[in-house]
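Now for the letters of each chain:
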Amino acid sequence: MSNLRYKRLLVKLSGEALMGQQDYGIDPVMVGRIAGELRALHDAGVELGIVVGGGNLFRGAGLAEAGVDRVTGDHMGMLATVMNALALKDCLLTLGLKAGVMSGLFMPQVCEAYTQRDARERIANGEIIIFAAGTGSPYFTTDTAASLRGIEIQADLMIKATKVDGIYDKDPVKYNDAIKYEHLNYDQAIDQRLAVMDVAAMILCDDNALELIVCNINDPGGLLKLAEGESVGTRVSRKEV
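This structure is a prediction, so every number in the text was calculated from the model and none was measured.

Topic: the pairing of strand 3 (residues 99-103)
For strand 3, the buried fraction is high: five of the five residues fall into the buried class. Note: strand 3 against strand 5 (residues 128-132), five bridges, orientation parallel. Considered in strand 5, the bridge of S103 is made with A132.

So, the packing of helix 1 (residues 28-43) against helix 3 (residues 70-94)
Relative to each other, helix 1 and helix 3 sit at 60°, their axes nearing to 9 Å. Between helix 1 and helix 3, the angle falls in the class oblique. In this structure, helix 1 crosses over helix 3, and the sense of that crossing is right-handed. Here helix 1 contributes V31, G32, I34, A35 and L38 to the contact with helix 3, which in turn contributes A87, L88, C91 and L92. Partitioned by chemical class, the residues of the contact of helix 1 with helix 3 number eight nonpolar, one polar and no charged.

Overview of the pairing of strand 10 (residues 212-216)
Burial analysis of strand 10 places four of its five residues in the buried class, which makes it a mostly covered element. Here five bridges tie strand 6 (residues 157-162) to strand 10, and the two strands are oriented parallel to one another. Within strand 10, the position partnered with T162 by the bridge is N216. In terms of strand pairing, strand 10 meets strand 11 (residues 234-237) through three bridges, oriented antiparallel. If you follow I213 over to strand 11, its bridge partner there is R235.

Quick notes on the environment of S137
Here S137 is to be found in the loop between strand 5 and helix 5 (142-152). Distance in space between the C-alpha atoms of S137 and K89 is 23 Å, their sequence separation being 48 residues.

Overview of the packing of aromatic side chains
For the structure on display, the rule yields one aromatic pair. Relative to F131, the ring of Y114 has its centre 5.5 Å away and its plane inclined at 85°; by these criteria the two rings are edge-to-face. Of the two residues, Y114 is situated in the loop between strand 4 (112-113) and helix 4 (116-124) and F131 in strand 5; the sequence distance between them amounts to 17 residues. Residue F131 is classed as buried on the basis of its relative accessible area of 2%. Sitting over the ring of Y114, R149 keeps its end group 3.8 Å from the ring centre.

Parameters at a glance
Within any chain, residue numbers begin from 1 and follow the written order of that chain's sequence. For this predicted model, a pLDDT threshold of at least 70 governs which residues receive local features, and a threshold of 80 or more governs which side-chain atom pairs are given and counted, while totals over whole chains, interfaces and linings are taken from all residues. With hydrogens and water excluded, all non-hydrogen atoms of the structure serve as input to the side-chain values. Burial here depends on accessible area, computed with a 1.4 Å probe over protein chains only, as a share of the maximum for the residue type. Under 20% is buried, over 50% is exposed, and the range in between is partly exposed. Starting at the N terminus, helices and strands are each numbered in turn, a helix being any DSSP run of H or I of at least four residues and a strand any DSSP run of E of at least two. What makes two strands pair is DSSP finding at least two bridges between them. An axis is simply a line fitted to the C-alpha atoms; with a helix, the fit covers only the stretch in contact. Between two such axes, the angle follows the N-to-C directions and lies from 0 to 180 degrees. Roughly parallel refers to an angle under 35 degrees, roughly antiparallel to one over 145, roughly perpendicular to one between 65 and 115, and oblique to any angle outside these ranges. If you view the pair so one helix is near and one far, a crossing is left-handed when the near helix is turned anticlockwise from the far one by less than a right angle, and right-handed when it is turned clockwise. Here, residues are in contact when the closest pair of their heavy atoms is within 4.5 Å. Three classes are used, and their members are as follows: Ala, Val, Leu, Ile, Met, Phe, Trp, Tyr, Cys and Pro are nonpolar, Asp, Glu, Lys and Arg are charged, and the others, Gly among them, are polar. Between 30 and 60 degrees the pair is tilted, below 30 it is stacked and above 60 it is edge-to-face, where a pair is any two Phe, Tyr or Trp rings, Trp via its six-membered ring, whose centres lie within 6.5 Å. To sit over a ring, a charge needs its Lys NZ or Arg CZ within 6 Å of the ring centre and within 35 degrees of the ring normal.

Now the structure itself:
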């Protein structure tokens, strides 16, 4: 624990991160590997909150574009995040860790309802809490939910774990000359439309001085390196005055 720079983390996992090499769904091998990365953090003494997306199973925005009611589509997307959260919880329990799922939607037969007080207390006591169903309200992304939950649990840092190793000036998959940023402030990320997170999520982080690091979930040991203060991925913070 003496090597830790960040004691409490909020980790945002995209739903796509759980697909592994598949085109759709949940890859148990990939979920197991991610759970192993989280276990390494936990064993080092890091307190953990997790927000997971649902894009591997369902995207409400796409359905809305096809004419389905936006609120209905968003609720369906929230349910997808619950499925992902349950899969991750099960894997963490298999590794012998204490883990729970707290939902922004009320569904007592499946998972517990989210409260800030309970979440903070359980995380402080060493339980890994996975936050599902986004904010519980339509029109808000899981990125915004991650920012909100990170602020509410008083996280020292938010990590957005993706399939790329940081933030680039353009899509590195499409452009070989894409340039990676080592550090940005939130104003730069918003003004340059870098699609780090949605604007609402970044404004929440900026207003509450919650630092963000974007990194590659497929980098073995990368999350622990971040917790120990090593330079990994791209750092986004408040503008220095």
